[in-house]
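Letter by letter, the chains look like this.
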Amino acid sequence: MSVHGHSIDDYLETIYFLAFPVGEYGPVVRDQPALSARIGEMLGVSRASVSEMMKRLENEGLVERGERKEAILTASGKEAAERVVRRHRLIECFLTQFLGYTPAEAHEQADHLGATFTDDMIERTAERLGHPERCPHGWPVNPDQERAENRDLRPLSELVVGAHATIIRLAEHDGELLHWFYDAGLTPGIGVQIAARADDGALELTVGDRSGLASESRSAVASEQAAAGLFVLPAA
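A quick note: this is a predicted structure, and the numbers were derived from the prediction, not measured.

For the confidence of the model for the chain, give the residues involved together with the corresponding values.
Mean pLDDT over the chain stands at 87; residues scoring 70 or higher make up 89%. This stretch, residues 22–31, has a pLDDT under 50; its non-local contacts, to residues over four places away or in other chains, come to 33 contacts.

Shown next as structure tokens:
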């Protein structure tokens, strides 16, 4: 069942990312809990719709409210959210490896297909894929690995001019931005260096390849929003 076009799984996934923000919704919410306004913003729904779903999630024991009325995943809610996240990433792998979808297309299709895959289908898919470690956008399939990795990653927008880094993950919540990352060749494993920063926060980048900044490196310009959606491992 859905509330105004969004299912329980959609809400659990959003609350999950707000609870562990380095990727999808960081750094903006790094110190902000999963409040109804923020959930509504990310899902594009009204606060009334969020409140309606929050009551349902509370009644089902999936979330509880904190001191600021924020949504906090219960143990069962966290387990359910992790299943949703893992399923989405495995479906993306299936779509790219077996059906020829581009990574950006796979994300959109996985949103639609998620509820159609049973737990057994997901486990069979994982086995057929050889138990991939990451989705096409660099996110670990195992949520435990994702959280362990979070402390080492930074949004590219936080780095200083001259810094070198390797792209690890791409933000997925904005479909147009995700397509832009691939069109610009800013994909997981690619090495980048910040050459300059404009007054509006845009970054001029020197972009290498998967071995780093090779002699045939090229230039790219990432808006502040785009740079904030590139999660990188800074060079030591």
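Structure shown, so let's carry the discussion forward.
Hey, could you go over a nonpolar patch on the surface for me, with residue numbers and the actual values?
A cluster of nonpolar side chains, contributed by F98, L99 and Y101, occupies part of the molecular surface with about 270 Å² of accessible area. Following the sequence through the fold, F98 ends up in helix α4 (residues 75–98). Assessed through its relative accessible area of 39%, F98 is described here as partly exposed.

Could you give me a rundown of the environment of A48, with the residues and numbers involved?
Inspection of the secondary structure puts A48 in helix α3 (residues 47–59). The class for A48 is exposed, based on a relative accessible area of 58%. Taking C-alpha positions, A48 is 8.9 Å from S36, a pair spaced 12 residues apart along the chain.

I'd like a description of the pattern of salt bridges, backed by residues and values.
Per the stated rule, a full pass over the model turns up 13 salt bridges. Residues E149 and R134 are paired through a salt bridge, measuring 2.4 Å at the closest nitrogen-oxygen approach. With a gap of 15 residues between them, E149 in helix α7 (residues 143–150) and R134 in the loop between α6 (119–128) and α7 connect regions that are remote in the sequence. Residue E149 is classed as buried on the basis of its relative accessible area of 14%. Take R134: its relative accessible area is 31%, and that puts it in the partly exposed class. The shortest N-O distance in the salt bridge between D144 and R147 comes to 2.6 Å. Pair noted here: D144 and R147 are both in helix α7, with a separation of 3 residues, about one helical turn. A network of salt bridges, in which partner residues are shared, links K78, E82, D144 and R147.

I'd love a proper account of the sheet that holds strand β9 (residues 218–222), names of residues and values included.
The strand order β5-β10-β6-β7-β8-β9 describes an open sheet built from 6 strands, whose pairing is antiparallel. Two strands lie at the open edges of the sheet, namely β5 (154–155) and β9, each paired on one side alone. Bridge analysis of strand β8 (residues 203–207) against β9 gives 5 bridges, and the strand direction is antiparallel. Its bridge partner being in β9, E204 is matched across the sheet by V221. Helix-sheet contacts for helix α8 (residues 175–183) involve β6 (164–170), β9 and β10 (230–234), and the interaxial angle to β6 is about 135 degrees.

Could you give an account of unusual backbone geometry, naming the residues involved and the relevant values?
Of note in the backbone geometry, H131 takes a positive phi value of approximately 50 degrees without being a glycine. Here H131 shows up in the loop between α6 and α7.

Tell me about α6, residues and numbers included.
Inspection of α6 places I122, T125 and A126 among the buried residues, and these make up the whole buried set. The buried residues of α6 occupy an angular sector of 100 degrees when the element is viewed end-on, so they sit on one face. Along α6, the residues that are exposed and aim more than 90 degrees away from the buried face are R124, E127 and R128. Summarising the contacts, the buried residues of α6 are in contact with α4. Of the residues flanking the end of α6, it is G130, one or two places downstream, whose phi is positive at about 80 degrees.

The rules behind these values
- Residues numbered from 1 in each chain as written.
- Predicted model: local features only at pLDDT ≥ 70, side-chain atom pairs only at ≥ 80, totals over all residues.
- Heavy atoms only, no water.
- pLDDT = per-residue confidence, 0-100.
- Contact = heavy atoms within 4.5 Å.
- Patch = residues over 30% accessible without salt bridge, like charges linked within 9 Å, V, L, I, M, F, W, Y side chains within 5 Å.
- Areas by Shrake-Rupley, 256 points an atom, 1.4 Å probe, with all protein chains shown as cover.
- Salt bridge = Lys/Arg side-chain N within 4 Å of Asp/Glu carboxyl O.
- Helix = DSSP H or I, 4+ residues; strand = E, 2+ residues; numbered from the N terminus.
- Buried < 20%, exposed > 50% of the residue type's maximum accessible area, 1.4 Å probe, protein only.
- Pairing = 2+ DSSP bridges.
- Axes fitted to C-alpha atoms, helices over the stretch in contact; angles between N-to-C directions.
- Arc of directions from axis to C-beta.

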